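# Tertiary structure, described
What follows is each chain in one-letter form.
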Amino acid sequence: MAFVEINSKMVEATVLPGQRLFSQRGAMLAYKGEVSFTPNMQGGQGGVMSMIGRRAAGEAAPLMSVEGSGTVLFGHGGHHVQVINLTGDTLFVEADRLLAFEGTLEQGTMFMGSQGGVMGMVRGQVTGQGLFTTTLRGHGSVAVMAHGGVIEVPITPQRPVHVDPQAYVAHHGDVRNKLSTALGWRDMVGRGSGEAFQLELSGNGAVYVQASEEKL
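Residues numbered from 1 in each chain as written. Predicted model: local features only at pLDDT ≥ 70, side-chain atom pairs only at ≥ 80, totals over all residues. Heavy atoms only, no water.

## Focus: the overall build of the protein
When you go through the protein residue by residue, the secondary structure sums to three helices and 13 strands. A buried classification covers 49% of the 216 residues belonging to the protein. Restricting to contacts in the protein with at least 6 residues of sequence separation, those with at least 24 account for 81%. Taken as a whole, the protein presents about 9,900 Å² of accessible surface, with 53% of it coming from carbon and sulfur. (Helix = DSSP H or I, 4+ residues; strand = E, 2+ residues; numbered from the N terminus. Buried < 20%, exposed > 50% of the residue type's maximum accessible area, 1.4 Å probe, protein only. Contact = heavy atoms within 4.5 Å. Areas by Shrake-Rupley, 256 points an atom, 1.4 Å probe, with all protein chains shown as cover.)

The structure is reproduced here in structure tokens:
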């Protein structure tokens, strides 16, 4: 495991020779050892296509590539930090919620309209988080940020989970998502999140929910 939770707002990462970590710019708090931090325009293992996806989503700021030998403390803005360990599956997470992740993970970009059709696209407009979601696939650890703490809620075929779109942080597993609302289409467009909106996640996996609806 690359990340160890020091407290609710800080993680420590071990950096080993020949291995890389990626972090959000400004996430480094302190480090020990011979560690270098350089902008990475390739966007992790996703390469140029990942970079294009991030730019299309309005995420032009490059990730930082972290290499060398030592330990690094990561945190950002006093936000709660949650470590998620992937064992071959895919994590879907908003790019601005990524604090740091291991270079063993393959990064990509998913257009929200590809899950849930038009309703998936509307979710991006409702949350103000854009129509793209970052994906991380493979074996490794990810540190994500949230407001007010995070809880992991299991998703099973017999029990889908309904989440306020603003409280959504990330999800993984074989999961489909769609936005449902008690309001009509004309009432829904242009409105903010609330009880009238529900992000329904069905399948087999887990969703991470934050305690506050505040945006990062």
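## A look at the environment of Pro 160
Here Pro 160 shows up in the loop between β10 (150-155) and β11 (161-163). Overall, the relative accessible area of 33% leaves Pro 160 in the partly exposed class. A C-alpha to C-alpha distance of 4.5 Å links Pro 160 and Ser 202, two positions 42 residues apart in sequence. Beyond its immediate chain neighbours, meaning those up to four positions away, Pro 160 contacts Glu 200, Leu 201 and Ser 202.

## Some remarks on the side chain of His 171
For His 171, the position within the fold is in strand β12 (residues 168-181). We classify His 171 as buried; its relative accessible area is 2%. Within the local environment of His 171, its side chain forms a polar contact with the side chain of Tyr 168, the two groups lying 2.8 Å apart. The residues contacting His 171, other than those within four sequence positions of it, are Thr 90, Leu 91, Phe 92, Asn 177, Leu 201, Ala 206 and Val 207. (Polar contact = N/O pair within 3.5 Å; in protein donor to acceptor, adjacent residues only side chain to side chain.)

## As for the pairing of strand β1 (residues 3-7)
In this structure, β1 lies alongside strand β2 (residues 10-15), joined through four bridges in antiparallel fashion. Along β2, the bridge assignment pairs Glu 5 with Val 11. The antiparallel hairpin formed by β1 and β2 contains two residues in its connecting segment. (Pairing = 2+ DSSP bridges.)

## Structural notes on the confidence of the model for the protein
Taken as a whole, the protein shows an average pLDDT of 79; of its residues, 69% reach a score of 70 or greater. Within the protein, the element-level pLDDT minimum falls on helix α1 (residues 47-56), averaging 45, and the maximum on β2, averaging 96. Counted against residues more than four places away or in other chains, residues 46-60, with its pLDDT under 50, gives 26 contacts. Every residue in residues 116-124 scores below 50 in pLDDT, and together they form 26 contacts with partners more than four places removed in sequence or on other chains. (pLDDT = per-residue confidence, 0-100.)

## Describing the environment of Leu 21
The topology assignment puts Leu 21 in strand β3 (residues 21-23). Ignoring sequence-local partners within four residues, the contact set of Leu 21 consists of Ala 2, Phe 3, Ala 13, Thr 14, Val 15, Met 64, Ser 65, Val 66, Phe 74, Phe 101, Glu 102 and Gly 103.

## A closer look at the side chain of Glu 200
With respect to the helices and strands, Glu 200 occurs in strand β13 (residues 197-210). Beyond its immediate stretch of four places on either side in the chain, Glu 200 contacts Pro 160, Val 161, His 162, Arg 176, Asn 177 and Lys 178.

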